[in-house]
Amino acid sequence: MMSKSTALAFVIVALSYSFFLLFSASPKHHYHALFISSSFSDNASVALNLRTLTRRPHVAGTVANAEAAEYVRSVFTSSALKAHVVAYHVSLTYPLHRSLVLTPTESATPITFELEQEQVGDNPYADEVMPTFHGYAKSGNVSGPVVYANYGRVEDFLRLKKEMGVNVSGSVVIARYGQIYRGDIVQNAYEAGAVGVVIYTDKRDYGGDEWFPASKWMPPSGVQVGTVYNGLGDPTTPGWASVDGCERLSDEAVELSGDAPLIPSLPVSAADAEVILKTVVGDVADGDVYPVGPGPGILNLNYTGETVIAKIENVIGVIEGEEEPDRYVILGNHRDAWTFGAVDPNSGTAVLLEIAQRLDKLQKRGWKPRRTIILCNWDAEEYALVGSTEWVEDNREMLSSRAVAYMNVDCAVSGPGFHASATPQLDELIKLAAQEVQDPDNATQTIYDSWIGSRNSVVIGRLGGGGSDYASFVQHVGVPAVDMLFGGGYPVYHSMYDDFTWMEKFGDPMFQRHVAMASVFGLVALRLADEEILPFNYISYASELKKSAEDLEKLGHSIDVYPLIKSIEDLSTAAEGIITEKEGIKGALKVRELNDRLMMAERALTDRDGLSERPWYKHLVYGPSKYDDYGSKSFPGVDDAIENAKKLNTKASWENVQHQIWRVSRAIRQASLVLKGELR
């Protein structure tokens, strides 16, 4: 007798094969093949676009970034897109004064750090790089003994307190980048009692025996800058768009919002951090190399920032759909960079422009998309995903009723190796597209072949983190989304060394990875725009949710996970019904109605009240961890409740865990009803 698990696997394979047959039968397949052909791709054009975009540092709100916006608009226009600029006036911060002074001992001469990145190579615009700082950092002048807190995670501070007996109160914490979002490092330090934070780039994570320009590694003087704001969008307009004459919160209200940092911070280099850490004594945590302190070194951190209302510009390009102009397939990438931005974000901008130019070639061959394709080049992402968030808030109701999917590309290329993250109904679509595009690093195989490697399966990440512009689409509105990249973490991230020379020497010397990314990313977009029936597979979604639900079964405390399991089973049944329904569907109205159900099922996983204490985040399945904005969590509300219950261990706190499980269960049940398309 066949086991239940074997039978289920057989069903999934059979249904996935049916999905493939439907997917490959597109009447516009000829155009899609042209799009990914060598005759349509242009390595030299990609390289030229990237060189132009990264010529000067272009922080949000600066003249250089406005010039980059005009360049993007001109390429969109020359590629036959209807291009326009959507401007917002938003709160941004810039550094006015920074100083960091170390007093090693009471009798020692104080050491004043220069806080500068050494200019290497021959970049003529290196002197235009903005002084190192943290976006939205709190201004202040603080002093205290140094405490080393490893990566600044919750568990690192718990270890200091409970296992090592270190009192962080009144100290200036030094922590290293590499595991969690820098804003959460600052927040965790504040909650532990610190008065200031210094975050550095550790050689163990980002360095090598040689460094840029001789090798890819971060120079000892290199500094990773970035934002420390824990919200999304303009801090003065939380939940609504920063349009002309809009309501704004005061600076005092922003500080009380819970998302703004409450202690000052500065980023520093590995070289400066090494000097500071040599003045720290005390025990060494297991697995580490540095004493934790406190002191005896005393660190004085003095930072003054300027808050301004600055103009930012999203550049939008549109190709109107021929049959369903009111259904939107949206492709996005941000333009602004902390420095030159060759990887982050302009490798993605170069890919977006390559796609625009290929779509122009398709139109000249007679192709027109079934649905409207919108290319978006966001501004001020680095500060708090500001440009995309303001646009989503500005167009919330239109997007809720019309957006088919959002596709994001940020750090498109930093090295070899393809990676994708998505809401699960897009999994099969991404895999099939990857099977049609040649691997840029191995001409004998496809991207899919290299992606699966020796695992015999692909690993697709999820979009619960807040690391890029997909966040507002997925977590606020409930739009299916995907994010793609070649490479991953790279040593010169957010430093002045992330320039065209680094990309040309180490990231993608022949710009083949950029071309391949444009092919696979654009092919997914074309299938979403052109397939008569949307290529969504909710069987993958149900399977993914089941894995996450099973992880909750070991909680104890009389927590009942059955409501969640039952709702997921209902979703799986509804998804199987969709596959059968697709095979026999006839008539334009029937197809439209089915597509609406496929599109709106993701919206059903949102809740108007949002996550507890974080109401902007509406999605109950995918959202960021409360303690790490980069961390992607399934059932974030449940996860938050569990963490709280572990701290309090009260009956009420565990009852809240059960309540959050019920909330997710109800949302998944609503998604099942939407897929079925039947009123009860």
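Here the structure is a predicted model, which means the values were calculated and not measured.

Undergrad: Hey, could you go over the packing of aromatic side chains for me, with residue numbers and the actual values?
TA: Taken as a whole and assessed by the stated rule, the structure comprises 23 aromatic pairs. Ring centres of Trp378 and Trp391 lie 5.3 Å apart, and the angle between their planes is 55°; this geometry places the pair in the tilted category. In this pair, Trp378 is assigned in strand β11 (residues 371–378) and Trp391 in helix α12 (residues 386–394), connecting sequence segments 13 residues apart. Since its relative accessible area comes to 0%, Trp378 is described here as buried. Given a relative accessible area of 9%, Trp391 falls into the buried group. A ring pair is formed by Trp378 and Phe473, whose centres lie 6.1 Å apart and whose planes are at 45°; its orientation type is tilted. Taken as a pair, Trp378 in strand β11 and Phe473 in helix α16 (residues 470–477) lie far apart in primary sequence, 95 residues in all. A single burial state applies to Trp378 and to Phe473, both of which are buried. When the ring centre of Phe35 is taken as reference, the NZ or CZ atom of Arg358 above it lies at 5.2 Å. The ring of Tyr617 carries the charged tip of Arg614 above its face, separated from the ring centre by 5.6 Å.

Undergrad: Tell me about the pattern of salt bridges, residues and numbers included.
TA: All chains considered together, the criterion is met by 39 salt bridges. Where Arg56 meets Glu128, a salt bridge forms, and the shortest distance between an N and an O atom there is 3.0 Å. On the criterion of sequence distance, the pair formed by Arg56 in the loop between α3 (43–53) and α4 (63–78) and Glu128 in the loop between β2 (111–112) and β3 (134–135) is long-range, its members being 72 residues apart. In this structure, Arg73 engages Glu70 in a salt bridge whose closest nitrogen and oxygen atoms are separated by 2.6 Å. A residue pair is termed a helical-turn pair when its members lie 3 or 4 positions apart in one helix, as Arg73 and Glu70 do in helix α4 at 3 residues. Glu70 sits in the partly exposed class, given a relative accessible area of 39%. Through salt bridges with shared partners, a single network forms among Glu323, Glu324, Asp326, Arg327, Arg370, Arg371, Arg592 and Asp596.

Basis of the calculations
In this numbering scheme, every chain counts its residues from 1 along its sequence in written order. Two thresholds apply to this predicted model, a pLDDT of at least 70 for residue-level local features and 80 or more for giving and counting side-chain atom pairs, whereas whole-chain, interface and lining totals are computed over all residues. Heavy atoms throughout the structure, all of them, feed into the side-chain values; hydrogens and water do not. Aromatic pairs are defined between Phe, Tyr and Trp rings, using the six-membered ring for Trp, whenever the two ring centres lie within 6.5 Å; interplanar angles under 30 degrees are classed as stacked, those over 60 as edge-to-face, and all others as tilted. Strands are runs of DSSP state E lasting at least two residues, helices are runs of H or I lasting at least four, and both sets are numbered from the N terminus onward. Accessible area is worked out with a 1.4 Å probe on protein chains only. A residue is then buried under 20% of its type maximum, exposed over 50%, and partly exposed in between. Geometrically, a lysine NZ or arginine CZ counts as sitting over a ring once it is within 6 Å of the ring centre and also within 35 degrees of the ring normal. Any Lys or Arg side-chain nitrogen located within 4 Å of an Asp or Glu carboxyl oxygen qualifies as a salt bridge.

Spatial relationships are all this shows, so hold off on functional conclusions.
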